[in-house]
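Residue strings, one per chain:
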Amino acid sequence: MAPLTGHPPAERGGWWHEYVCPAHGVELEHIGFETGEFPAGGVPCVHGCRVDSPAVRGAWTVLAHHWWARRIRLLSYEGGGGELLTAYARLYLELTKTGEHEQAQGWMQRGRLFHQALTDAVWGVPVAHAILNLAAAEAASAELVETLPMLDDMFAGARRARDAMVAQGKFSSNYTAWFNALGTTAGQAAAAVRGEAWDGAGEWLTGEFGQFAHLEIATGEDGWEWEASTYYHGFVLRAYLLSLRGIDPASVPDRLEAMIAALAGIATDGGILPALHDGPYLRVPLALEWLEIAALARQFTSAVDLSSVAQRAQAEVGPEYDGLERKLIGWFAGPPRAGARSPRPITGSYAVVRVGGIHAILDHGPHGGSHGHHDKLALYLYGATTPWQPDPGQVPYGHAEWRRHYQSVAAHPTIRIDGLEPAEATGVLTQNGTSVTAEVEGWYEGVRATRQLIPGDGYLVDIIRVTADREREIVLQFRPDVELTVEVEPDGVRTTWGGAETLYAFHVGHGSADTAGEERSDSVPVPVTRPGPGPADDPQRVRTWVDWTVVGTSATFRSVYATAPIDFEKVIGDV
């Protein structure tokens, strides 16, 4: 690893979600972190902008501090970084001497080094681990004693923040997992520097508000974190795993293994983790986190395989790969949990159907709180490595307009009624043999809809039925992230979806007659293509959207998908 020649930022950080181009909605480029100095002229976006504002400076500072925490953690595995840690401890005390960050937004739980206490925790955990590495390896001298005031302040801040979440009735929040992680790791590091045994498991792991209690309340029996977001599921899982250094996997509740299996359940054979609900569509720092999760999960359980996820994540990281996850050996005090745990195709949030090279995900579960999207009955379609019709993910939250778009029903491959946003809703899923059907009511007043997936011999059938209590505009939306060819034929619509793997489909549909019983021209669904934004990693990437519209009191849409040409007309006629 090359020596570090710069220094951490000498300022407190803001909110990283404001690291976004105000014009284009893309996350700004990651540059200059190693220098500790905000780039002259502003930071660039991929579309040519240079952005410099107080919010962007604060966000850049967050990311730069996190960059330094990761590099110091890497150095600690080689016995280095002690001088950097003591210098950082002095800087931390100087920057936080005024207490909570006075520039935090009103809704935030105020941090000290950053706007949010959550950001303090996510930064503090790797710093504490670096100190613990040096202390455990006896690579530390008296210089590590200088880190104790920082560790003690971080520890007290974690307890204070967790207590506040409990008092507000928000114990199940993803924040709590990280406050517990910081309390654990800062406590362990401080004990190691003092030459004492750590005695905090009874508070931070097994206690009334410890990690194990949080694990049980924040996840369902299917293993999904309650927000049903791939990103926040991994965010919480990573906090749990980082908290368990030196703990025997056999002593941990089974729910943690179920969380790992939930990820395996939605991953494609090529390792794509769909960006369900809030979370980045593609992001290098997130791919680094998936590598860390996969490495620790492998040591926690041999019953679940995330190797394809790790391989894809490493490919996404590219030249920024630093090998940190390879340092995380001997993490637990016991062997991996053994046995066989098959990923569940049906969970309380999603149904996964795999057939003929198609990986289909049907969204039917709870909305997911503030990180949920209006995507009930959305059908996401992937090949092993091709996102034909993916969940588009989310932009950094600091861009309000694009955030609203990616939360909206318009952004998702589902049903839209009268151009309106639906209410938050939870569907009901039933299974009949190998087919699954999701039903939703209450999302649009007076509207009921079902979506049925039927796996066949190398193909997938998708049937949507909508009924309304009055005449409505009913739209089925297709939202590809690949080149899409649409051909209207006398008996239906043919589509071809490009990418590393090709998807072929045939679609037919019909609507209701009018109240007089006469067939109307607008009761026959007509697919209309138009340009629309691609997934959230770059809202400026234009894709071909298809809105398939019928006006009436009911509509039925039938589609057949396959990865090779088949007799679509016969299959669709049989259903």
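Conventions we followed
Residues numbered from 1 in each chain as written. Predicted model: local features only at pLDDT ≥ 70, side-chain atom pairs only at ≥ 80, totals over all residues. Heavy atoms only, no water. Helix = DSSP H or I, 4+ residues; strand = E, 2+ residues; numbered from the N terminus. Buried < 20%, exposed > 50% of the residue type's maximum accessible area, 1.4 Å probe, protein only. Contact = heavy atoms within 4.5 Å. Areas by Shrake-Rupley, 256 points an atom, 1.4 Å probe, with all protein chains shown as cover. Pairing = 2+ DSSP bridges. Axes fitted to C-alpha atoms, helices over the stretch in contact; angles between N-to-C directions. 1 Å grid on protein atoms, 1.4 Å probe; cavity = no way out; pocket = protein on both sides within 12 Å on 5 of 7 lines; lining within 4 Å. Points joined across faces, edges and corners; volume = space filled by probe spheres on them. Polar contact = N/O pair within 3.5 Å; in protein donor to acceptor, adjacent residues only side chain to side chain. Phe/Tyr/Trp six-rings, centres within 6.5 Å; stacked < 30°, edge-to-face > 60°. Expected span 1.5 Å × (residues − 1).

## Quick word on the overall build of the protein
Right, on to step 1. Across its full length, the protein carries 13 helices and 15 strands.
Right, on to step 2. Counting only C-alpha atoms and orienting by the principal axes, one finds that the protein spans roughly 85 × 55 × 45 Å.
Right, on to step 3. Here the protein holds 575 residues, and 59% of them are scored as buried.
Right, on to step 4. Across the protein, contacts joining residues at least 24 apart in sequence account for 68% of those joining residues at least 6 apart.
Right, on to step 5. For the protein, the exposed area adds up to about 21,800 Å²; of that, 51% sits on carbon and sulfur atoms.

## Examining the sheet that holds strand β4 (residues 358-363)
Note on sheets: strands pair through backbone hydrogen bonds, and any given pair is parallel or antiparallel.
Right, on to step 1. Pairing in this open sheet of three strands is antiparallel, and the strands run β3-β4-β5 from one edge to the other. One side of each edge strand has no neighbouring strand; the edge strands of this open sheet are β3 (350-355) and β5 (379-382). With strand direction ignored, the average angle separating the axes of adjacent strands in the sheet is 20°.
Right, on to step 2. Across six bridges, β3 lies against β4 in antiparallel orientation. Directly across from V355, in β4, lies its bridge partner I358.
Right, on to step 3. Seen against the sheet, helix α9 (residues 255-266) touches β3 and β4 and runs at an angle of roughly 45° to β3.

## Focus on the layout of surface pockets
Right, on to step 1. Within this model, the second largest pocket holds a volume of roughly 430 Å³.
Right, on to step 2. Going through the elements one at a time, α8 (230-243) and α10 (284-300) are the ones with two or more residues in the lining of the second largest pocket.

## Describing the side chain of H399
Right, on to step 1. Summarising the element assignment, H399 is placed in the loop between β5 and α12 (400-407).
Right, on to step 2. Residue classification places H399 among the buried positions, given a relative accessible area of 9%.
Right, on to step 3. Polar contacts involving the side chain of H399 include one to the main-chain carbonyl oxygen of P22, which spans 3.0 Å.
Right, on to step 4. A polar contact is formed between the side chain of H399 and the backbone nitrogen of W402, at a distance of 3.3 Å.

## Concerning the side chain of H412
Right, on to step 1. Along the chain, H412 turns up in the loop between α12 and β6 (415-417).
Right, on to step 2. Among the polar contacts listed, one links the side chain of H412 to the side chain of H373, at a separation of 3.4 Å.
Right, on to step 3. Beyond its immediate stretch of four places on either side in the chain, H412 contacts H373, H374, D375, Y380, D391, P392, Y406, Q407, Q477 and R479.

## Focus on the packing of aromatic side chains
Right, on to step 1. Scanning all chains against the criterion turns up 22 aromatic pairs.
Right, on to step 2. Here F155 and W204 contribute two aromatic rings whose centre-to-centre distance is 5.4 Å and whose plane-to-plane angle is 70°, an arrangement assigned as edge-to-face. Taken as a pair, F155 in helix α4 (residues 148-167) and W204 in helix α6 (residues 201-204) lie far apart in primary sequence, 49 residues in all.
Right, on to step 3. Note on Y231 and F235: the rings are 5.8 Å apart at their centroids and 20° apart in plane angle, and the pair reads as stacked. Within this pair, Y231 and its partner F235 are both found in helix α8, separated by four residues, close to a single helical turn. Across the pair, exposure class does not vary: Y231 and F235 are buried alike.
Right, on to step 4. By the ring-pair criterion, three or more aromatic residues cluster together here, those being F478, W497, W548, F557 and Y561.

## Notes on α9
Right, on to step 1. Compared with the 16 Å implied by 1.5 Å per residue over twelve residues, the 17 Å span of α9 between its first and last C-alpha is a close match.
Right, on to step 2. Of all twelve residues in α9, twelve are buried, a share of seventy percent or more.
Right, on to step 3. All of the buried residues along α9 are R255, L256, E257, A258, M259, I260, A261, A262, L263, A264, G265 and I266.
Right, on to step 4. Lining the buried residues of α9 we find α7 (211-218), α8, α10, β3 and β4.

## Some points on unusual backbone geometry
Right, on to step 1. One non-glycine residue, H277, lies in positive phi territory at about 60°.
Right, on to step 2. By secondary structure assignment, the location of H277 is in the loop between α9 and α10.
Right, on to step 3. The buried category is assigned to H277, whose relative accessible area is 1%.

## A look at the pairing of strand β13 (residues 503-511)
A regular strand carries its side chains on alternate faces of the sheet.
Right, on to step 1. The pairing of strand β12 (residues 492-497) with β13 spans five bridges and is classified as antiparallel. Among the inter-strand pairings, R494 is bridged to a residue of β13, identified as F506.
Right, on to step 2. Remark: five residues form the turn of the hairpin made by β12 and β13, two consecutive strands paired antiparallel; G499 in that turn has positive phi of roughly 120°.
Right, on to step 3. Across eight bridges, the pairing between β13 and strand β15 (residues 542-562) is antiparallel. Within β15, the residue paired with V508 across the bridge is R558.

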